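The lines below spell out each chain.
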Amino acid sequence: MNATADRRTVRALLEAHGRTYAEEAGIRLRDTPQPLYRLLVLACLLSARIRASVAVATARSLAEAGLKDPRRMAAATWQQRVDALGAGGYRRYDERTATQLGEGAQLLLDRYGGDVRRMRAAADGDPARLRDILQEIPGLGPAGTDIFLREVQGVWPGIRPHLDDKALQGAARLGLPKRPATLAGLVGPEETPALAAALVRAALDGAVVEDVRRRAE
């Protein structure tokens, strides 16, 4: 594709599929402790082999149960966490995840005062170190870390552009450039998280690719 065609494809992609997973979960993402913690929990939920729609619904369910910050998550009983997970449809992994959420919340309180921003500060601008620190959270492996970083780059501009292998797979399926900097240059900085989410949807669903191609014609 040439640059004009690339921009047309990206615009079609964003217009039809450019909603972040945080937005779907009802998280108004800001660089403040509570929304960042809710995003961290969402990334943990999305890490499992379960439909993204179920993980998003479960993140909403946890919030509705009042489990919006690490202190409340840690203070909840294991059964309360299981019940909130089940209410969101997260039943296959509910018992293990209930344990991981409790342990992760306590770790965040003990090491970082319950503030996800302190994890970034501890990395001191080193992206590899930040990945390692994030993966201290039980249940947040490499895939979950990428999910978190794709979404948080809108409020943590120092890590932008974060377009990981899964997003680049989506770009390849759409015939778009496969270099993160080139892809990010096709949108405004504030649109990078939405672009990343939309590219992941293209990587996971051939129907998204066909829809975007039709719209971009």
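Quick note: structure is the one above.
Scope of this entry: the structure provided in the associated data block. (Residues numbered from 1 in each chain as written. Predicted model: local features only at pLDDT ≥ 70, side-chain atom pairs only at ≥ 80, totals over all residues. Heavy atoms only, no water.)

**Details of the overall build of the chain**
So the rule is basically this: Numbering goes from the N terminus for both helices and strands, where a helix is a DSSP run of H or I of at least four residues and a strand is a run of E of at least two. We take the radius of gyration over the C-alpha atoms and set the globule estimate at 2.2 Å times the residue count to the 0.38 power.
On a plain count of helices and strands, the chain comes out with 14 helices and 0 strands. Going from the N terminus to the C terminus, the chain shows its helices and strands as α-α-α-α-α-α-α-α-α-α-α-α-α-α. Compactness check: the chain gives a C-alpha radius of gyration of 17 Å against a globular reference of 17 Å for 217 residues, within 12% of the reference. In terms of its C-alpha atoms, the chain occupies a principal-axis envelope of roughly 55 × 40 × 25 Å.

**Overview of the pattern of salt bridges**
To keep things clear, this is the line we draw: One side-chain nitrogen of Lys or Arg within 4 Å of one carboxyl oxygen of Asp or Glu is enough to make a salt bridge. Under the scheme applied here, a residue whose accessible area is under 20% of the maximum for its type counts as buried, over 50% as exposed, and between as partly exposed, the area being computed with a 1.4 Å probe on protein chains only.
Applying the stated criterion across every chain yields a total of 11 salt bridges. Two residues, Arg131 and Asp146, come together in a salt bridge whose shortest N-O distance is 2.7 Å. In this pair, Arg131 sits in helix 9 (residues 127-134) while Asp146 sits in helix 10 (residues 142-152), placing the two residues 15 residues apart along the sequence. Assessed through its relative accessible area of 23%, Arg131 is described here as partly exposed. Here Arg214 ties to Asp211 by a salt bridge, and the two come within 2.6 Å at their closest N and O atoms. Taken together, the residues span about one helical turn, with Arg214 and Asp211 both in helix 14 (residues 206-216) at a distance of 3 residues. You can call Arg214 exposed: its relative accessible area is 53%.

**A word on the nonpolar core**
Selection rule: Side-chain atoms within 4.5 Å link the members of a nonpolar core, which is a set of buried Ala, Val, Leu, Ile, Met, Phe, Trp, Tyr and Cys residues. Throughout, a contact is declared for two residues whenever any of their heavy atoms are within 4.5 Å.
Membership of the largest hydrophobic core comes to 73 residues, with the highest contact counts inside it found for Leu42, Leu62, Val116, Phe148 and Leu199. Sort the elements by how many residues they give to this core and helix 3 (residues 33-47) lands first, with 10 residues. Residue contacts for Val116: discarding those within four places in its chain leaves Leu36, Tyr37, Leu40, Leu108, Phe148 and Trp156.

**Let's talk about the layout of surface pockets**
Threshold: The pocket and cavity definitions rest on a 1 Å grid over protein atoms only: a 1.4 Å probe that fits but cannot leave marks a cavity, an open set with protein on both sides within 12 Å along at least five of seven lines marks a pocket, and residues lining either have an atom within 4 Å of a point. Grid points are joined across faces, edges and corners, and a volume is the space filled by probe spheres set on the points. The residue classification treats Ala, Val, Leu, Ile, Met, Phe, Trp, Tyr, Cys and Pro as nonpolar and Asp, Glu, Lys and Arg as charged. All others, Gly included, are polar.
Here the largest pocket defines a volume of roughly 330 Å³. Mapped by element, the contributors of at least two residues to the lining of the largest pocket are helix 3, helix 10 and helix 13 (192-204). Considering each element in turn, the lining of the largest pocket owes the most residues, 4 residues, to helix 10. When grouped by side-chain class, the residues that make up the lining of the largest pocket number 9 nonpolar, 1 polar and 5 charged. Approximately 180 Å³ is the volume attributed to the second largest pocket. Put simply, the parts of the chain that give the lining of the second largest pocket at least two residues each are helix 2 (21-24) and helix 13. Of the residues belonging to the lining of the second largest pocket, the class tally is 6 nonpolar, 2 polar and 3 charged.

**Here we look at helix 4 (residues 52-64)**
The line we're drawing: Multiplying one less than the number of residues by 1.5 Å gives the expected span of a helix.
Taking 1.5 Å as the rise per residue, helix 4 with 13 residues should run 18 Å; its terminal C-alpha atoms sit 18 Å apart, in good agreement. Structurally, helix 4 contributes buried residues whose contacts are with helix 2, helix 3, helix 5 (70-75), helix 6 (78-87) and helix 7 (94-112). Looking at the residues trailing helix 4, positive phi occurs at Gly66, about 90°.

**With respect to the packing of helix 4 against helix 6**
To keep it simple, the criterion reads: In this description, a line fitted to the C-alpha atoms serves as the axis of each element, helices being fitted only across the stretch in contact, and the angle between N-to-C directions of two axes falls anywhere from 0 to 180 degrees. Here roughly perpendicular refers to angles of 65 to 115 degrees, roughly parallel to angles under 35, roughly antiparallel to angles over 145, and oblique to all remaining angles. Less than a right angle of anticlockwise turn of the near helix away from the far helix marks a crossing as left-handed, whereas a clockwise turn marks it as right-handed.
The geometry of helix 4 relative to helix 6 is characterised by a closest axis approach of 7 Å and an angle of 135° between their N-to-C directions. Classified by the angle between their axes, helix 4 and helix 6 sit oblique to one another. At the point where helix 4 passes helix 6, the crossing takes the right-handed sense. Here helix 4 contributes Thr58, Ser61 and Leu62 to the contact with helix 6, which in turn contributes Ala84, Leu85 and Ala87. Split by residue class, the contact of helix 4 with helix 6 holds 4 nonpolar, 2 polar and no charged.

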